[in-house]
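What follows is the residue order along each chain.
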Amino acid sequence: MHRTFVESASFNVRRHFLPWDRPLLPQAVAWLAADWQGDGPLDLTSQLIIVPTRQAGRRLREALAAHAAVHEQAVFPPQVRMPEALLENGPATTGVTATRLEALLAWIEVFRTLDPGAFRVVFPVDPPGSNGERISRLARQFLHLQRSLAEGGLTMADVAEKAGADFPEVERWRQIAGIGEIHRRVLAARGLIDPQAAGLAAARAPVWPERVERIVVLGSPDPLPLALDVLAGLAQMGRVEVVVHAPDSEADAFDTWGRPLAATWAERVLALPEFAERVRVCANPAAQAKQLITLACGYDNPEGLLALGVADPEVLPLLENGLADAGCAVFNPEGRRREGDALHQLLSALAGLAHEGSFAAVATLARCPDFLAHLQVRLGSGFSVPRFLRELDELQAWHLPSSLADARRHAPQNGGLKVMAELRDALAVGTFPGSVAAVLAEIFAARHYDLANPAHARMAEAAAVWTGLLRECAGAAERFADAGLEPADWWDLAMHLYADDLRYDDKPPGALELQGWLELLWEDAPHLVVAGFNDGLVPDAVAGDPFLPEDLRVRLGLKTNAARFARDAYLLHALASGRAAVGRVDLLFGRTSSAGDPLRPSRLLLRCADADLPGRIRRLFREVEPERAASSWRRAWQLVPPRVE
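As the structure is a prediction and not an experimental result, all values here were calculated from the model.

## Description of the overall build of the protein chain
The helix and strand tally for the protein chain stands at 24 helices and 18 strands. On the principal axes, the C-alpha backbone points of the protein chain span a range of 85 × 60 × 60 Å. A burial count over the protein chain gives 49% of its 645 residues as buried. Here the contacts in the protein chain between residues at least 6 apart in sequence split such that 77% fall between residues at least 24 apart. Carbon and sulfur atoms make up 53% of the accessible area of the protein chain, which totals about 31400 Å². Each charge class in the protein chain can be summarised by its mean position, and for the 67 positive and 82 negative side chains these summaries are 3 Å apart.

## A word on the pairing of strand β2 (residues 13-18)
Burial of β2 is extensive: 5 of the 6 residues sit out of reach of the surface. Pairing of β2 with strand β10 (residues 239-245), which is carried by 6 bridges, proceeds in the parallel orientation. From the neighbouring strand, L18 faces β10, where its bridge partner is H245.

## Looking at helix α4 (residues 131-151)
Because each turn of an α-helix spans 3.6 residues, side chains separated by three or four positions in sequence point in the same direction. With 21 residues, α4 should cover 30 Å at 1.5 Å per step; its first-to-last C-alpha distance of 30 Å lies within 8% of that length. Those residues of α4 that are buried are in contact with α3 (100-113), α5 (159-162), α6 (170-188), α7 (195-204), α8 (225-234) and α22 (550-556).

## Focus: the pattern of salt bridges
Inspection of every chain in the model, using the stated rule, returns 45 salt bridges. Among the ionic pairs, D500 bridges to R337, the shortest N-O distance being 2.5 Å. Taken as a pair, D500 in helix α21 (residues 487-500) and R337 in strand β14 (residues 336-337) lie far apart in primary sequence, 163 residues in all. The class for D500 is partly exposed, based on a relative accessible area of 33%. Given the relative accessible area of 41%, R337 is considered partly exposed. Beyond isolated ion pairs, a larger network of salt bridges with shared partners links R58, R59, E62, K507, E513, E523 and D524.

## Comments concerning the packing of helix α13 (residues 342-355) against helix α20 (residues 454-479)
Across the interface, α13 lies against α20 with an axial gap of 9 Å and an inter-helix angle of 50°. Classified by the angle between their axes, α13 and α20 sit oblique to one another. Touching A342, L343 and L347 of α13 are M459, A462, A463 and W466, all from α20.

## Quick notes on the pairing of strand β12 (residues 306-310)
Remember that side chains alternate between the two faces of the sheet whenever the strand is regular. Within β12, 5 of the 5 residues are buried, leaving the element largely enclosed by the surrounding structure. Going residue by residue along β12, you find L306, L308 and V310 tucked away on one face and A307 and G309 tucked away on the opposite face as well. Note: β12 against strand β17 (residues 527-531), 5 bridges, orientation parallel. Bridging across to β17, L306 finds its partner in H527. Where β12 and strand β16 (residues 512-515) come together, 2 bridges link them in parallel fashion. Across the sheet, the residue bridging to L308 is L514, located in β16.

## Quick word on the nonpolar core
Counting residues in hydrophobic clusters, the biggest one holds 91 residues, and the most contacted among them are F111, L149, W173, I179, W466 and W491. The leading source of residues in this core is α3, at 9 residues. Once residues within four sequence positions are removed from consideration, W173 is found in contact with L145, L149, M156, V159, A160, F167, F547, L548 and L552.

## Side note on the packing of aromatic side chains
Inspection of the entire model under this criterion finds 16 aromatic pairs. Seen in terms of ring centroids, F432 and W491 are 5.4 Å apart; in terms of plane orientation they differ by 70°. Their pairing is edge-to-face. With F432 in helix α19 (residues 432-444) and W491 in helix α21, the pair connects residues that are 59 residues apart, well separated along the chain. By the burial criterion, F432 is buried, and W491 matches it. Counting every residue linked through ring pairs, the aromatic cluster contains F17, W20, F254, W265 and Y570. Between R54 and the ring centre of Y504, over which it is positioned, the NZ or CZ distance is 3.6 Å. The aromatic ring of W265 is capped on one face by R268, whose charged end is 4.2 Å from the ring centroid.

## Focus on the environment of M82
Inspection of the secondary structure assignment puts M82 in the loop between β6 (79-81) and β7 (96-97). On the accessibility criterion, M82 (26% relative accessible area) is partly exposed. Along the primary structure M82 and R584 are separated by 502 residues, whereas in three dimensions their C-alpha atoms are 29 Å apart. Sequence-distant contacts of M82, that is, excluding residues within four places in its chain, are made with I50, V51, P52, T53 and R54.

Cut-offs applied
Residues numbered from 1 in each chain as written. Predicted model: local features only at pLDDT ≥ 70, side-chain atom pairs only at ≥ 80, totals over all residues. Heavy atoms only, no water. Helix = DSSP H or I, 4+ residues; strand = E, 2+ residues; numbered from the N terminus. Buried < 20%, exposed > 50% of the residue type's maximum accessible area, 1.4 Å probe, protein only. Contact = heavy atoms within 4.5 Å. Areas by Shrake-Rupley, 256 points an atom, 1.4 Å probe, with all protein chains shown as cover. Lys, Arg positive; Asp, Glu negative; His and termini not counted. Charge placed at Lys NZ, Arg CZ, Asp CG, Glu CD. Pairing = 2+ DSSP bridges. Expected span 1.5 Å × (residues − 1). Salt bridge = Lys/Arg side-chain N within 4 Å of Asp/Glu carboxyl O. Axes fitted to C-alpha atoms, helices over the stretch in contact; angles between N-to-C directions. Parallel < 35°, antiparallel > 145°, perpendicular 65-115°, else oblique. Core = buried A, V, L, I, M, F, W, Y, C linked by side-chain atoms within 4.5 Å. Phe/Tyr/Trp six-rings, centres within 6.5 Å; stacked < 30°, edge-to-face > 60°. Lys NZ or Arg CZ within 6 Å of the ring centre and 35° of its normal.

As structure tokens, then:
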């Protein structure tokens, strides 16, 4: 049973508590379908459900469908969104919202013309580095700063006032606000408004979603502060309900929106039964991945019984590859960055060829499978990939060419080098988007793709993403024609955007889900194992921010490390409590990173009774043998000069 708490701050905001002695997901389904009798379709179309992640939304939709299927009925699902989607439903704005690329280009233009001497409190000395490097670095820093402030409903101009009269860096932030105003004017001159400004406008004047009767914030302990501003406005127009995974006796440990209160959770003792057996120290990420693989392979069918959480990004690729080698299908619900995929490798090689034309770029391009397939078509049956690569190796060994031009002088008959020279010439013709599109069209002209083949489908999807980025670059180039960007600058911008884009794969049948820490509240498998339980990962923390240190975040009401600690303490407590009667939670942490850097166990593991603390410290900091001793470096060979008589 759960109780409802009506919040005095707004009559239309109600909190509901679902006990944490059972997993959240089945309780959430039962709560949403409480008024359904099973005599017709489960119709939830009038509800907007706010969940913390894409994975939580997918799990909820699947569970609702399964619940309706028990009664041999269909489900008309609710709208399921993440908190940031609330910022998209605001009033119409005057002007076109700038894309992320256009906002970045505006910052680049700001710093191309900005005199650091006029803003000496911000730049006590001129920033180091070459002009292009300095501008790119500053543009990305200020774009990130702008977005961080917008998450709390602030602009650069708001900081000096909101930080308080005793804030020692008021003048610095006044100058930062002046730089932000220049950025606004650069965008306005092109008929654009900053995307963060559009989000702030939505928060100040939210619009109730069409065909929605109530909004439910479900199992979301850490929504964006700006999204909560939107919800506060929407609560004046209709029903907003907040569902917290905790017993109603814990009501005072959460705020109106279901966020754990930092003051309460900072001192909470976290019960972890059978600590010595369930908390394991491992040498490094490889050792953690090995333990997870062994555990997963011990189940005949782990689906529904075992859940794997991965808080350390260094563990994830090792675990994915190891499970795949063991014949276990895996699924990463958080998505994968496109950096390093087949198209990214080809584009990086082409960018190196276009910028430098160095022999290193030649060697990189020569080892791209898509380029080799193009050579096979261009040069016909007489072309041999092994012979071509062997000739390049011999060319490098005997002549040490520094560039493509040098290599061609030494090997004028090499057909592959001739094709590379033609591609380099084509990349230098016309505008950046047009020349790159033409070269890629030539490389892939004779290729045929079967979209039923997963690898081909991924390549087609990647090509569509890159094509969209080229269109975005073309549009931005028209608006910022006077920005003075060189083709190399456009390459750099486009490659960054492509590398940061996320690819979401379909879940293979029966696959093990490798979930992030924030996904696990929605996991209902009885056996949960979490790797990467190190400080700085759980709890998450921001350190060394040059603009927004922790004390300023507190003043501004932004998300703080204390709030992250409270969130993660609550999550650990809820995960353990839900499996106390049936199931178990195992936690793994590493002693060092892959590079050998020392790591600390999570501070959450020390939130125990005073009498238990010495024993926990001894266990957590005991010595552990590495998986494989690192051998000392030695020369592969030693040059012995002949004796001179």
